[in-house]
Amino acid sequence: MNVTFKLLYNGTVAMTGGQDAVGALPVDRLAATLLDEGVTKVIITTEDRARIPRALLPKSVKVLDRAVIEDALAELKATTGVTVLIHDQECAAEKRRARRRGKAQAPTTRVWINERICEGCGDCGRKSNCLSVHPVPTEFGRKTRIDQSSCNLDYSCLDGDCPAFMTIEPAGKPQRAELPALAATDVAEPARTAGAGSFGMRITGIGGTGIVTTSQVLSTAAVIDGRHARSLDQTGLAQKGGAVVSDIKITEGVVEQGAKIGRGQCDLYLACDPLVATDPKYLSAASPDRTVAVMTTTEIPTGEMVVDTAVGFPAPDAVRHAVGGATRQLVALDSGSLARQLFDDEQYANMLLVGAAYQTGLLPMPASAVEEAIALNGVAVDRNVQAFRRGRQAVADPEALHAALTDSTFPEAEPRLAAGTTELVASVTDDEGSELHRLLTVRVADLIDYQDRRYARTYVDFVKAVAVAERAAVVGSTEVTEAVARHLHKLMAYKDEYEVARLALDPVVDDQITAAFGSASRRSYRLHPPVLRAAGMKRKVSLGSWFRPILGLLRALRRVRGTRLDVFGLQHMRRIERELVDEYRESINAALGFLNEENLAEVRRLAELPDAVRGYEGVKLATVERYRADKARILLELQESADPKSAGAERGC
């Protein structure tokens, strides 16, 4: 029998709480035991080869860096008999906890993504298998952002050809004003609605975000208040964002009962993740007559969302309806965003929700007991207490909280419009309040900076022609025109070397990095230049501040794009990118010939297809193939619906 087993060795079980694996063998003894049992070959891959005791290992066992894990698997697959790959890597959640508690030293280098350069293709998520690379919606479509508060700092997301990544060495004081501490008496006490009997609470969330800790703090607070608390934690895989559910029952005295909340028996439903909260098997504990839900609206991506651009969050209204329909009252709070604004760290989001829950009057213990329990937990006590109080303030006096946040943030600079933008936009629409006007204003200015005014004029002329054709076919409609305005810009502003240089030197990016990491922070660009790629270099190089003048030169040379002097334009990828612009215009012109009220949605879908064209190099080439296939299929469907006979002839029917 030829079979290869992959054994993940991380020293903990369940990943939530970091429980020790009872009876676990050290990795060297494990490898020796496997060979004694008749395994043909064992290979160990690891993030840190120095921690594997080479002298204690059998001589036949290889120890390789985790970067070559696929090569190791290929070697084992080609080996006759039973083979085993042992992947030794510390649990990422445990590593993060140890760093937060000062038990392990954290690397100082941080990773930053320039969202304008980013294509939102999901390749970094596939390379790193990490949930800290969050998809985020922006003016220019889906992009990727690193959640600095949950980042494991293993740098695996730097692999690949994407030039959007930078590494930062923080230094100096970040430009974020600290809010003054909120005293316990600064927030009015809520009207207490909790009765003297049994109180049931369910906390739902994902692993690695502190759900179990939140449960322990609240259970401890109940005991401090002289009550009896029973809790049950149902834990999932922290690194993979598995569901975690904690039930707490609080009573005046000892009651012999299970801790699990029964159907419809929940008084407070604390939803720390909106997707987990809507799961029917967890939501079944809620009752429309009994339960109050306190829910975060922060969108926390699943693993599938990180790597697949076609997978997104359900509509916010759908999530609210699911939870609100199962409860008598819903309190919604964007706790993740609030935690970032207040503490520059999303890890305080759960305690903000606890504060909001307390302010509903449901928790059967005083605020002093909750704050004492936070102190007993002994982790970031001051900030967690402030998070609890700010969560209370978010419910009791949201206007005061908003005012405090507004006073502590720096005003954003008004976007600069390139000369000639207003006139070009006005040639298409003079309705300054319309979405089309807004889309064009942003994108015309960008294309002028991208190349020049003449280049932007070709964009405007085409959008104008689409607008005229759409109005003639479907009175009052601008759906197709708006889609073309978005996606023709995307194709025309393809990210060649000149554009990457322009966006890399964007002052907004410098301001963002300064605000997050300090004015003296050192920044390096992680690039894979075509010359080095052609010479056989497979990985990116780190280019420090000395490289900025070269980027400046490239930015200045963008005027030669598309001319005989454009040496980069000779590349296969650049030729394809220029072809895509022409192909898109041709397909839209063809579709406009069939446009009517019945097929408006289908023509709009054709206009939106370039959204799927993402990434760099091989990643982008794969998406281009899918785009061209989908484009041909939709055009054929439009033609068939307009003239079945000619479409049938074209198909050879």
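Data block above holds the structure.
Structural notes, computed from the coordinates. Sequence order as written defines the numbering, with residues in each chain counted from 1. Reporting in this predicted model follows two pLDDT cut-offs: at least 70 for local features of residues, and 80 or more for side-chain atom pairs to be given and counted; totals over whole chains, interfaces and linings ignore these cut-offs and use all residues. The basis for the side-chain values is all heavy atoms of the structure; hydrogens and waters are excluded.

In this description a helix means any DSSP run of H or I spanning at least four residues, a strand means any run of E spanning at least two, and both kinds are numbered starting from the N terminus. The residue Asp345 is located in the loop between α10 (335–343) and α11 (349–359) in this model. We define a polar contact as two N or O atoms separated by no more than 3.5 Å, with the added condition that, inside protein, one atom must be a possible hydrogen donor and the other a possible acceptor, whereas residues neighbouring each other in sequence contribute only through side-chain atom pairs. Side-chain polar atoms of Asp345 contact the backbone nitrogen of Gln347, separated by 2.9 Å.

Looking now at the nonpolar core. Here, nonpolar core means buried Ala, Val, Leu, Ile, Met, Phe, Trp, Tyr and Cys residues that are tied together by side-chain atoms lying within 4.5 Å of each other. Relative accessibility thresholds used throughout: buried, under 20% of the residue-type maximum; exposed, over 50%; partly exposed, between the two (1.4 Å probe, protein chains only). Counting 47 residues, the largest nonpolar core has Met201 and Leu270 as its most contacted members. Of the residues forming this core, the biggest block, 8 residues, is contributed by α11. The contact criterion used is simple: two residues touch if any of their non-hydrogen atoms lie within 4.5 Å. Apart from residues no more than four positions distant in its own chain, Met201 is found in contact with Leu218, Ser246, Asp247, Ile248, Ile261, Cys266, Leu268, Leu270 and Leu363. Within the second largest apolar cluster, 46 residues are counted, among which are Val425, Met492, Tyr494 and Leu635.

Within helix α1 (residues 27–36) the residues assigned to the buried category are Val27, Asp28, Leu30, Ala31 and Leu34. The buried residues of α1 all sit within an arc of 165° when viewed along its axis, so they share a single face. For α1, the elements touching its buried residues are β1 (3–9), β4 (41–46) and β6 (82–88). Immediately beyond the C-terminal end of α1, within one or two residues, lies Gly38, with a positive phi of roughly 105°. Read the arc as the range of directions from the helix axis to the C-beta atoms.

Moving on, we get to the sheet that holds strand β18 (residues 541–543). Spatially, β7-β10-β17-β18 is the arrangement adopted by the 4 strands of the open sheet, whose pairing is antiparallel. This sheet does not close on itself; its edge strands, each paired only once, are β7 (110–113) and β18. The average angle at which neighbouring strand axes cross in this sheet is 35°, direction not considered. Note on pairing: two strands pair once DSSP finds at least 2 bridges between them. Across 4 bridges, β7 lies against strand β10 (residues 165–169) in antiparallel orientation. Along β10, the bridge assignment pairs Arg110 with Ile168. Angles here are taken between N-to-C directions and fall from 0 to 180 degrees, while the axes themselves are lines fitted to C-alpha atoms, restricted in helices to the stretch in contact. Strands β7, β10 and β17 (522–527) of the sheet are contacted by helix α20 (residues 507–517), whose axis makes an angle of about 150° with β7.

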